[in-house]
Every structure is written in structure tokens, then in C-alpha cells.
Amino acid sequence: MVLYQIYPRSFADADGDGTGDLQGVIDRAGHLERLGVDGVWLSPIMRSPGVDHGYDVSDPRDVDPLFGDVGTLRRLVERLHASGMVLIMDLVPNHTSIEHAWFAAALAAGPGSPERARYIFRDGRGADGSAPPTNWPSVFGGPAWTRVTEPDGSAGQWYLHLFAPEQPDLNWSNGEVADDLERTLRFWLDLGVDGFRIDVAHGLAKPETLEDLPEGVEIAQLVVDERDARWDRPGVHDVHRRIRRVVDEYPGAATFGEVWVGPVERFARYVRPDELHFAFHFALTGAPFEAAAIRDAVESTLEASRIADSTPTWALSNHDVVREVTRYGNGAIGTARARAMLLVELALPGIAFVYNGAELGLPSDFRVPRDRLTDPTWERTGHAELGRDHCRVPLPWAGSAPPYGFTTAEDTWLPQPRGWGRLTAREQSVDPDSTLSLYREAIRIRHSWPGTTVPAVTWLDTFDGCLLFCREDGGVLCMINTSRHAVPVPDGDVVLASGPLDGTRLPPDTAVWLQ
Ligand code: NOJ
């Protein structure tokens, strides 16, 4: 199965306001059909003030007017289903927006109230409570606590937000929170969606007693230090069991958890038979273009699947990371390597994700003018980190200059760079050597394989800096060359190559499928 991630602001704009919307997705559904994907993961479209572009939800059972309305979503579901594609919605159960009715009620009701008990409010430390309750950092920079003003005007309690202050964390030990999520799940499933990608699936449960993180805790996201009490607490698994019971009432529906938990034994717990159906293991997303690192990433993801007897998932990028073309080296080398890695990803058993724009070989755009940056990380880190706008620039569809057919407006919500004319979907559609053509062909071939989900891969001996593997359920032999020298291609028929071969040799930064 291949799923295509749509970042709705950036995919296609139908109403001419410069920001992508659901009608834009309906209008461009033909692109998805020609790509051959089996469905779409739609980043959040629920009602939201948009501080974190939809990951700050003010009403989880409505569509934000920026994107359309519930009727537009229903039409999108029908459009995709008509072509045999599924729609996976993004769900944000860890936190709400500060504009959610619950948060307003929590502020108004004051300390000790049932309204506050839906979130994580604590008194501050020190005689006057002016120090945050713990030393926890927020993922977007700065402390994970913000102090509120009480209804009587006095300086008051603090609330927890693992992300921006506009994203207060919910209290998952409060039954009301789970009941409300259940209503949300049923609302969208009844409308016809096929499942959910669950945001921050490893962060929902917080410890009973909140304590300082010990000195020296590694706070990098991928690693998730076991001493970091913000993530991966035992109680999180009860939440996933509750979600699973509801989703399983809808045949065929599935959940995909965002699980930034490195150690495979801990990661595997999330995909036990009564928890998430699938989870993102980000090892491949984070791996550099280097044979040993790629193999380690593949093996750790497969190992996690073996432990839990679950289906692995793979992604080279998403809306939070540097696009693969740029990560692997930018320019022609970055493009060649991203194409090669696509053949690695699509040769692996399980579910592969494609982030919108990857099929066009888009780079991350670090030239977005500073005064147009929108990611909260930029302000929260005092401009030390640019944030993630670089990978969210609207897609180029046609034409030689911005807005490249993305919108009828003159400007787009994030400006597009000049020079993307050769990357447009229209240009690439007619070029058999384009990245878009490679994606279409690779996905078409992948669909011709038996496609069982047995996560078994056999590694074969090959040259230094290269990898050679085959899936035990059939399919192809895949070889990638991350070294600096061309190497002989093994015997077999070349089914697909990510770039030109050098006679019978596989050049650097190239991969090949053989049969
Ligand atoms: C993970 C999402 O992928 C990211 O975009 C978002 O900012 C955080 N969760 C907070 O919801």
C-alpha cells in the first residue's frame, strides 16, 4: 500500500485565497489517480486558529472554513472512494487550541474546578508561584508551561503545553477527555473516512506526579530518552486500546500513530493487536544517505514489526522534516539520491508514505523571507531555528513562474521560489525521465507484486557502500549505491533504475530494481 500525505494548505487552492483547500484536493484527484496511490493522509482540516496550521484544534468535529466545510470533506471522501482510494484524517488528541471552548471554560472557572481538570494546570513554584511547576521544555522552544491570569485578575496557575502555548495539553486521566475523543472518532467515521493518523501518539499520557527532568536528558525528538517523563508513559497504551475498540467497530478503518520512540521494544508496544493498527517509525526518515545507516534504519523498523507482528511503515519525509532532496545533498546530487531512496522505500514490505511534492522532487526552500515565516518554532526559539515552513511551500502545478497554477491569487500563503517551472506537475508529466514519471512507474510496478505484509527482507553480499536486498514475499531485488564509485549490477533483468546506468554498472547515488 502507498499512501500520499496531503498538507492541505499547500496542495492546491480552489477558492483563490492563496491557501490550499479541500476543493483543491478534489480538483486535483486525477493527479493522485495517475500517481497510483492507494489513499491519502490529510493533515488536519478541523476548525483551528491555525497557530500550528491545524495542529491546534478549536472544534474537532467541524471543518475549518479555510478549507471548506463538512460537505466538502464528504465530497472528497466520495471522490477518493470512487477511485478506490482511502482517506485517513489527522487527529490531534494530545492538545487543543486555546480557542477551544473547554480552554476558555478552564480559564473562567479557576483553580480546582472540573473545567481545569480537563487540562494540566498546576501551581507555580516559589513563594509567589512565579516559577514554572517543572523544568520541562516545549518542543517548539521555551518552557512547556505558561502562567494564566485568574478571573479575579491575579497572577495564577500554570498550564502545560508540550508544543506552543496556544496548544494546551489535555489531561488524559480525565474520563471526559476520552469520551469526547470517542465522539470525534465516530463523527468522522460515520461520515465515511477510513481512519486516522494520530498526532503525538506517544505523548498522550502524563505521569501522575510531574517532576523535573533529570540533568542531561537527551531531548532530541527521535531518540526519546527513557528518563524524559513527557513521552512514552505506560498509561498511553490504555488510550490506544480505547481508540482501537471504537475504530474496530468500523470494518476496514485503521489508525496510524505518530510514535517518536526510538528503542524498538518500546515502539513495538504501540502496535500490539489491541492498540494502533500501524505506527510511524522514523528511523528511515532520519537516516543519512549512507549504506550502513540506511540498513540500520530498515532493520530497526523491521525488528519493531517482528516483535509486535505488525506491518511496517516507511516515509522519506513529511511536513515536519527537511525534504529528502535537500537532506541528501540538494541540487542534482540530492535529487539523484532522493530518487534512489524512493526505490529503496518502495521495495520494502509494508506501507509506504509519500509526502506531497516529493513526487515532484521538490527541495526544501530555505529562502522563504524571514518576515513570511509562520512556524511557531521561529518565534519561540528567538529566531534561532527557522522552523518547518521550508517543506510546506505550495506545490507547483503548471507554468513558469509563481503561483505555478497553485491558485488564481497573486500570492500564496508561503511564497514560492522562482525556478520551479521545470518542477511543475505538467512539465514532469510529459517527461519520461522526470521524478514524477519515476514515482508513477515505481508505484505501478510495486502494485504488481504479491504484497503480503510479512516484514522479512534478505540482505545479500555486495560492494562497500552499497546495499542489496530482496523481500521474502516476492517482488524485486533492490540495489542502491551510496559509494563514490560505479559498481557492477548483479545478474538479472533491470525492471527500473532511479537514474541512467553506466553500461552494466550502477553509478553512485543510484538504485536499481532487478528481477
Ligand atoms: C506533530 C505534527 O506532525 C506537527 O506538525 C505538530 O506541530 C506537532 N505534532 C504538534 O501537534
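What comes next is a walk through the structure. This is a predicted model, so every value here is computed, not measured.

### Examining helix H5 (residues 101–109)
Moving on, step 1. Every buried residue of H5 is accounted for by Trp102, Phe103 and Ala106. End-on, the buried residues of H5 take up no more than an arc of 95 degrees, which puts them together on one face. Exposed positions of H5 whose direction lies more than 90 degrees from the buried face are Ala101 and Ala108.
Moving on, step 2. Buried residues in H5 make contact with strand E6 (121–122), strand E8 (155–160) and helix H6 (175–191).
Moving on, step 3. One or two residues past the end of H5 sits Gly110, with phi positive at roughly 85 degrees.

### Some details on the nonpolar core
Moving on, step 1. Of all hydrophobic cores here, the largest spans 141 residues; its most connected members are Leu73, Leu87, Val193, Phe196 and Trp513.
Moving on, step 2. The element contributing the most residues to this core is helix H12 (residues 331–347), with eight residues.
Moving on, step 3. Formed by 16 residues, the second largest nonpolar core is a distinct cluster that contains Ala144, Trp145, Phe163 and Trp231.

### Considering the packing of H12 against helix H15 (residues 435–446)
Moving on, step 1. At a minimum axis distance of 10 Å, the contact between H12 and H15 shows a crossing angle of 10 degrees. Taken together, H12 and H15 sit at an angle that is classed as roughly parallel. The segment H12 lies against H15, with Thr335, Arg339, Leu342, Leu343, Glu345, Leu346 and Ala347 engaging Thr435, Leu438, Tyr439, Ala442, Ile443 and Arg446.
Moving on, step 2. Here the contact of H12 with H15 is built from residues that sort into eight nonpolar, two polar and three charged.

### Structural notes on the site of the ligand
Moving on, step 1. Close contacts around the ligand come from 14 residues, with Asp52, Asp199, His319, Asp320 and Arg388 the closest.
Moving on, step 2. Interatomic distance of 2.5 Å between a side-chain N/O atom of Asp52 and an oxygen atom of the ligand.
Moving on, step 3. Arg388 is positioned with one of its side-chain polar atoms (N or O) 3.0 Å from an oxygen atom of the ligand.
Moving on, step 4. Out of a free accessible area of 300 Å², the ligand has 97% covered by protein chains.
Moving on, step 5. For the shell around the ligand, the residue count by class is four nonpolar, three polar and seven charged.

### Points about the layout of surface pockets
Moving on, step 1. Volume-wise, the second largest pocket comes out at about 550 Å³.
Moving on, step 2. Together, 30 residues line the second largest pocket, and Thr335, Arg339, Arg422, Leu423 and Thr435 are the ones closest to its centre.
Moving on, step 3. Contributing elements (two or more residues each) for the lining of the second largest pocket: H12, helix H14 (425–429), H15 and strand E18 (494–497).
Moving on, step 4. A class-by-class count of the residues in the lining of the second largest pocket yields 11 nonpolar, 11 polar and eight charged.

### Considering H15
Moving on, step 1. In this model, H15 (12 residues) spans 16 Å end to end at C-alpha, consistent with the 16 Å of a helix rising 1.5 Å per residue.
Moving on, step 2. Extensive coverage of H15 is indicated by the burial of 10 of its 12 residues.
Moving on, step 3. Those residues of H15 lying buried are Thr435, Leu436, Ser437, Leu438, Tyr439, Arg440, Ala442, Ile443, Ile445 and Arg446.

### Quick notes on empty space enclosed by the protein
One way to see where empty space is left: roll a probe the size of a water molecule over the atoms.
Moving on, step 1. For the structure on display, the rule yields six cavities of 30 Å³ or more.
Moving on, step 2. Considering only enclosed or pocket space, the largest cavity measures out at about 170 Å³ in volume.
Moving on, step 3. If you trace the largest cavity, you find 16 residues lining it, with Pro60, Val92, Leu170, Asp180 and Leu181 closest to the centre.
Moving on, step 4. For the lining of the largest cavity, the leading source of residues is H6, giving four residues.
Moving on, step 5. For the lining of the largest cavity, the class distribution of residues is 11 nonpolar, four polar and one charged.
Moving on, step 6. A volume near 50 Å³ is recorded for the second largest cavity.
Moving on, step 7. The wall of the second largest cavity is formed by Phe267, Val271, Ala279, His281, Thr301, Ala304, Ser305, Ser310, Thr311, Pro312 and Thr313.
Moving on, step 8. Residue classes in the lining of the second largest cavity are distributed as five nonpolar, six polar and no charged.

### Thoughts on the packing of aromatic side chains
Moving on, step 1. Here the structure, examined in full by the defined rule, presents 19 aromatic pairs.
Moving on, step 2. A ring pair is formed by Phe11 and Trp397, whose centres lie 5.2 Å apart and whose planes are at 90 degrees; its orientation type is edge-to-face. Residue Phe11 is located in helix H1 (residues 8–11), and its partner Trp397 is located in the loop between helix H13 (376–380) and H14; the two are separated by 386 residues in the primary sequence. For the pair formed by Phe11 and Trp397, the shared burial category is buried.

### Remarks on the pattern of salt bridges
Moving on, step 1. The final tally for this structure, using the stated rule, is 33 salt bridges.
Moving on, step 2. With a shortest N-O distance of 3.0 Å, Glu182 and Arg186 are connected by a salt bridge. Taken as a pair, Glu182 and Arg186 lie in helix H6 at a separation of four residues, close to a single helical turn.
Moving on, step 3. Look at the salt bridges and you will find they share partners, linking Asp52, Asp320, Asp375, Arg388 and Arg392 into a network.

### Here we look at the pairing of E8
Two faces make up the sheet, and in a regular strand the side chains alternate between them.
Moving on, step 1. By the criterion of burial, E8 is predominantly enclosed, with five of the six residues buried.
Moving on, step 2. In this sheet, E8 lies alongside E6 in antiparallel orientation, the contact comprising two bridges. Among the inter-strand pairings, Arg122 is bridged to a residue of E8, identified as Trp158.
Moving on, step 3. Adjacent in sequence and paired antiparallel, strand E7 (residues 145–149) and E8 are bridged by five residues, among which Gly153 carries a positive phi angle near 90 degrees.

### Digging into the environment of Gly357
Moving on, step 1. Tracing the backbone shows Gly357 in the loop between strand E13 (351–355) and H13.
Moving on, step 2. C-alpha of Gly357 to C-alpha of Arg418: the two residues are 61 residues apart in sequence and 16 Å apart in space.

### Observations regarding the sheet that holds E8
Moving on, step 1. Pairing is antiparallel across the open sheet formed by three strands, whose spatial order is E6-E8-E7. A strand with exactly one partner marks an edge of an open sheet, and here the two such strands are E6 and E7.

Reading the values: the criteria
All residue numbers refer to position in the chain's written sequence, counted from 1. Only residues with pLDDT of at least 70 get local features here, since the model is predicted, and only at 80 or more are side-chain atom pairs given and counted; chain-wide, interface and lining totals rely on the full set of residues. Water and hydrogen atoms play no part in the side-chain values, which are based on all heavy atoms of the structure. Type-normalised accessible area, obtained with a 1.4 Å probe on protein chains alone, sets the label of each residue: buried when under 20%, exposed when over 50%, and partly exposed for intermediate values. Numbering of helices and strands runs from the N terminus; a helix is a DSSP stretch of H or I covering at least four residues, while a strand is a stretch of E covering at least two. Comment: arc refers to directions from the helix axis out to C-beta atoms. By the convention used here, residues are in contact when the closest approach between their heavy atoms is within 4.5 Å. Working definition of a nonpolar core: buried Ala, Val, Leu, Ile, Met, Phe, Trp, Tyr and Cys residues. They are joined through side-chain atoms within 4.5 Å. Between N-to-C directions, angles cover 0 to 180 degrees, with each direction set by a line fitted to C-alpha atoms, over the stretch in contact for helices. Convention used here: angles under 35 degrees read as roughly parallel, angles over 145 as roughly antiparallel, angles from 65 to 115 as roughly perpendicular, and any remaining angle as oblique. Each residue is assigned to one class: nonpolar for Ala, Val, Leu, Ile, Met, Phe, Trp, Tyr, Cys and Pro, charged for Asp, Glu, Lys and Arg, and polar for all the others, Gly among them. A molecule or strand has a residue near it when one of that residue's heavy atoms lies within 4 Å. For the purposes of these results, a polar contact is taken to be a pair of N or O atoms within 3.5 Å, where, inside protein, one atom must be able to donate a hydrogen and its partner to accept one; residues adjacent in sequence count only when each atom of the pair is a side-chain atom. Only the protein chains shown count as covering a residue, and every accessible area follows the Shrake-Rupley method with a 1.4 Å probe. Residues are called lining when one of their atoms sits within 4 Å of a cavity or pocket point, these points coming from a 1 Å grid over the protein atoms alone, where a cavity is a set in which a 1.4 Å probe fits but cannot get out and a pocket is an open set with protein on both sides within 12 Å along at least five of seven lines. Grid points are joined across faces, edges and corners, and a volume is the space filled by probe spheres set on the points. Expected helix span is taken as 1.5 Å per residue step, with the number of steps being one fewer than the number of residues. Note on aromatic contacts: the rings of Phe and Tyr and the six-membered ring of Trp form a pair at centre separations within 6.5 Å, being stacked when their planes are under 30 degrees apart, edge-to-face when over 60 apart, and tilted otherwise. In the sections that follow, a salt bridge refers to a side-chain nitrogen of Lys or Arg positioned within 4 Å of a carboxyl oxygen of Asp or Glu. One requirement defines pairing of two strands: DSSP has to find at least two bridges between them.

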